[in-house]
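Residue-level listing of the chains:
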Amino acid sequence: MDISRRKHPTQNHLELLVLGKILDNCSDLSQLLDVFHMLFDANQVGITIIRTDGTIIYYNDAQARLDGLSPKDTLGKAICDVYNFTPGHSPTMRATTTGEPVFDSVHYYRTRHGRLVNSANSIYPLWSNGVLLGAICFIQSYSVIGRHVGFLQESDESTPPETSLLQQQTSERSHYMFSSLIGESPLLLEAAKLAQKVCQSSSSVMLVGETGVGKEIFAQAIHYEGYRRSKPYTAINCSALPETLLEGILFGTTKGAFTGAVNRQGLFEATNGGTLYLDEIDSMPISLQNKLLRVLQERKVRRVGEGKERSIDVRIISSVGTNPVTLVEDGLLRRDFYYRLGVVKIQIPPLRSRPEDIHLLVQHFVKLHSERLGIPIPLITPEAMAIFYSHTWPGNVRELEHAIEASLSIVEAGDHLEPSHLYRAVPDFNPINHPDEATTPWLAFQDSHMVNQSPDASENQAQEAPYPPLATFDEAAPLAAAETNVPAPAQATNETGGIFTLSEQTRAVEASSIEKALRTSAGNVAMAARLLGISPQLMHYKMKKYGIAKNAFIPGSL
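Predicted, not measured: the structure shown is a model, and the values here were computed from it.

## What about the side chain of Ser204?
Moving on, step 1. Within the element layout of this structure, Ser204 appears in the loop between helix H8 (186–197) and strand S6 (205–208).
Moving on, step 2. Those residues in contact with Ser204, other than ones at most four positions away along the chain, are Ile316, Arg340, Leu341, Val343 and Val344.

## Let's talk about the sheet that holds S6
Moving on, step 1. Taken together, the five strands give an open sheet; going across it, the order is S7-S10-S13-S6-S14, and neighbouring strands pair in parallel fashion. Among the strands making up the open sheet, the edge pair consists of strand S7 (233–237) and strand S14 (344–347). Strand-to-strand twist of the sheet, defined as the mean angle between neighbouring strand axes without regard to direction, takes the value 20°.
Moving on, step 2. Note that S6 and S14 share four bridges and pair parallel. Its bridge partner lying in S14, Val208 is registered against Gln347.

## Regarding the environment of Pro91
Moving on, step 1. For Pro91, the position within the fold is in helix H5 (residues 91–98).
Moving on, step 2. Put simply, Pro91 and Asn121 are 30 residues apart on the chain and 8.7 Å apart in space, counted from C-alpha to C-alpha.

## With respect to the confidence of the model for the chain
Moving on, step 1. The predicted model of the chain has a mean per-residue pLDDT of 76, with 72% of residues at 70 or higher.
Moving on, step 2. For residues 432–492, every residue scores under 50 in pLDDT, and the model assigns this stretch 130 contacts once sequence neighbours within four places are set aside.

## What about the packing of helix H21 (residues 525–532) against helix H22 (residues 536–546)?
Moving on, step 1. In the contact formed by H21 and H22, the axes pass within 9 Å of each other and the chain directions differ by 100°. When the interaxial angle is binned, H21 and H22 end up roughly perpendicular. On H22, the residues that touch Val525, Ala528, Ala529 and Leu532 of H21 are Pro536, Met539, His540 and Met543.
Moving on, step 2. A per-class count over the contact of H21 with H22 returns seven nonpolar, one polar and no charged.

## Concerning the nonpolar core
The tendency in soluble globular proteins is for nonpolar side chains to be buried as a group.
Moving on, step 1. Counting residues in each nonpolar core, the largest one holds 33 residues, and the members touching the most others are Phe268, Leu278, Ile281, Met284, Leu292 and Phe337.
Moving on, step 2. If you list the elements that add at least two residues to this core, you get S6, helix H10 (243–251), helix H11 (267–270), strand S10 (275–279), helix H12 (286–298), strand S13 (315–320), helix H13 (324–329) and helix H14 (335–341).
Moving on, step 3. Once you skip the residues sitting within four places of it in the chain, Leu292 turns out to touch Phe251, Phe268, Leu278, Ile281, Met284 and Phe337.
Moving on, step 4. Counting residues in hydrophobic clusters, the runner-up holds 23 residues, among them Val362, Phe388, Ile404 and Phe429.

## Considering the pairing of S6
Residues in a regular strand point their side chains to alternate faces of the sheet.
Moving on, step 1. Of the two faces of S6, the one holding Val205 and Leu207 and the one holding Met206 and Val208 are both buried throughout.
Moving on, step 2. The pairing of S6 with S13 spans four bridges and is classified as parallel. Among the inter-strand pairings, Val205 is bridged to a residue of S13, identified as Ile317.

## Notes on helix H9 (residues 215–224)
An α-helix turns once per 3.6 residues; consequently, residues spaced three or four apart project the same way.
Moving on, step 1. Here H9 lies mainly inside the structure; eight of its ten residues are buried.
Moving on, step 2. Within H9, burial applies to Lys215, Phe218, Ala219, Gln220, Ala221, Ile222, His223 and Tyr224.

## As for the side chain of Glu269
Moving on, step 1. Mapping Glu269 onto the fold places it in helix H11.
Moving on, step 2. On the basis of relative accessibility, which here comes to 14%, the residue Glu269 falls in the buried class.
Moving on, step 3. Non-local contacts of Glu269, meaning those with residues more than four positions away in its chain, are made with Phe251, Val301, Arg303 and Arg310.

## Considering the pairing of S13
Moving on, step 1. Buried residues dominate S13, accounting for six of its six residues.
Moving on, step 2. Neither face of S13 is left uncovered, since the one carrying Arg315, Ile317 and Ser319 and the one carrying Ile316, Ser318 and Val320 both have all their residues buried.
Moving on, step 3. Sheet topology note: the S10/S13 ladder contains four bridges and is parallel. Considered in S13, the bridge of Leu276 is made with Ile316.

## Description of the pattern of salt bridges
Moving on, step 1. For the structure on display, the rule yields 16 salt bridges.
Moving on, step 2. We note a salt bridge from Arg334 to Asp336, for which the minimum N-O separation is 2.6 Å.
Moving on, step 3. What makes Arg334 partly exposed here is its relative accessible area of 25%.
Moving on, step 4. Of the residues examined, Asp336 reaches a relative accessible area of 32% and is grouped as partly exposed.
Moving on, step 5. For the salt bridge of Lys367 with Glu371, the shortest nitrogen-to-oxygen distance reads 2.9 Å. Placement of both Lys367 and Glu371 in helix H15 (residues 358–373) is noted, with a separation of four residues, approximately one turn of the helix.
Moving on, step 6. Judged by its relative accessible area of 35%, Lys367 falls in the partly exposed class.

Rules used in this analysis
- Residues numbered from 1 in each chain as written.
- Predicted model: local features only at pLDDT ≥ 70, side-chain atom pairs only at ≥ 80, totals over all residues.
- Heavy atoms only, no water.
- Helix = DSSP H or I, 4+ residues; strand = E, 2+ residues; numbered from the N terminus.
- Contact = heavy atoms within 4.5 Å.
- Pairing = 2+ DSSP bridges.
- Axes fitted to C-alpha atoms, helices over the stretch in contact; angles between N-to-C directions.
- pLDDT = per-residue confidence, 0-100.
- Parallel < 35°, antiparallel > 145°, perpendicular 65-115°, else oblique.
- Nonpolar A, V, L, I, M, F, W, Y, C, P; charged D, E, K, R; others polar.
- Core = buried A, V, L, I, M, F, W, Y, C linked by side-chain atoms within 4.5 Å.
- Buried < 20%, exposed > 50% of the residue type's maximum accessible area, 1.4 Å probe, protein only.
- Salt bridge = Lys/Arg side-chain N within 4 Å of Asp/Glu carboxyl O.

Here it is as C-alpha cells:
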C-alpha cells in the first residue's frame, strides 16, 4: 500500500502500516478476516474491503451506520449491487483496476435503499508480493456533515431558518456548562474564571490545550452561558475534513460549482447569530485560513461558485493543541489569522499539572460508567489509586475516563477495582513503571484506613481497607483521626452521628498525610512535597487550604 504521497499521515496510518506487513505472502484476503476485525471493528471511520472482483468481504459497523445498512446486507455481495455505481464509476472498483490509491476524494452517493451519503474517501489497493488482491476504502463520517446534507440538500431559501433541523438539534441536545467542569485546582479555576468573563462579549476566543483536556466543554459553556445561548452552536473538527470539502461546508455551495454541488448554506449561514467552534484550527490549510480571515474581517460570506455576499453574525471559538506562537513561527498559522482568532486566549491545563483533581475525576467517572454498565460501584484499592496518581496522562482527562471505563468492564460484581484490572484493561499501565508503594496522599489509606485491627496488632498484620465506595459508606472502614483541624472521627461519622461525605474524608486523609510528611521533613516543605510525590507549589496550596503552618513542625520553633 502506497501512503507515502499523502501530505499528512492518514487517520489510520498505523493500521495501514500493520496491514501492509501482514499482507506479505497472503494469497487471499479472506485469510485475514480475523486481522481485519481486530484492526477495524472499533474504528469510528467507515471501512469496506473488497476483492478484485468487487465482492465485499469486510464491512464495519461505522460504515453500516453511515449507509443505514447492516453487514448482512453487504457481506458477500458485489459493491456495485450495494451502491448505485457502475464498475466504472465506483472509486473503490477503480482502485482495483488501476492499482492506484485515492486520497480524500469527495463523493455524494446513494445506497440501494435510497440513503444519500456525503463522504470523503481514501482508498488503497491491497498488494501481496506484486499481486493485487483487492482494496480497502476509508469513508470519513461526520455528524456535522450529516446534519448539513440532511436538511440542506435543496435550496435553503424555501426553508425558514427558525425551523431548520440544525437549530432543532442544537436546542434539543444536551450540552456542557461551567458546572460540568470537575476540579478544584487553581489552574483550572483560573481558566474557568476567564472563560466566564468573556461569555457576554462577542470577541473571538482561542482555547489552548492538549488533546483530552476539555476544550469542547469550555467552548460549549462559553456559548450556553452567554447571550447567544438561544442561537445555534456548531462544532467542526478542521483536521478531519479535506480542504475541498471543508470550504464548501463552511461557506456553502452553489449548484453547478462542481459535480454534484447543490444550492446549500454553509455553517456560517446556518449558525448565524450563534457560535461556531473550529477545533484544531491549525490543521486548516493556509489558503483556506486566508479566505476565512476575510469572512471574519468583513462579516460576510460568499458561497463556493457564487458572487453574492451574505451578511453574518457569528462568534468564533477556536482551539489549538500547542502554543499558537510556535504555530505561527512554524508557518502553520497565519499571523494575522492568529491575531483575529486569538483576541482572548484561554490556557486549559493538562491533567498532570493539576493532580489534586484526579480523585474528583476518578470518583465521577467510576460512578458514571458503573451506572452505564449496570454494575455496583466498586471500591478502589489504594494501590489502584496510586497508579492513577503516578501515570503521566498524555491523553489527559479523556484518557483517564477511557482507562476507568475499560477497567470497569472487566471488574466482577462485588470485586474491588485493583491494579490487575488496570494492567489488563489498559496496556499503557505498565507494572514496571508503577512502584508497589507510591508516595501520593491517597496512600495514607494504607496507614489510616484499617479494619479489624486490635490495639496491639503489629503494623504488618493490619488489614488494608480499599478506597471507599463512591455512592455509600455503609461498608467503609473507619478512618483514624487526622492530626489536623479537619475532623475525622474514628468511625467516619460527623458530630451529629451522620456518615462523613467522601469529600470530608478526602480532606481529612490529605491533611493527615501532609502533617506526617512535614513532621518527617522537620518542616522542610520541598522535602515533604517530594515524600508525597507532589510539586512544592501544590504542597503550599494544600497547606494553605488546610491551615497547616510549617513552623509547627520545625524543631525548636514556637
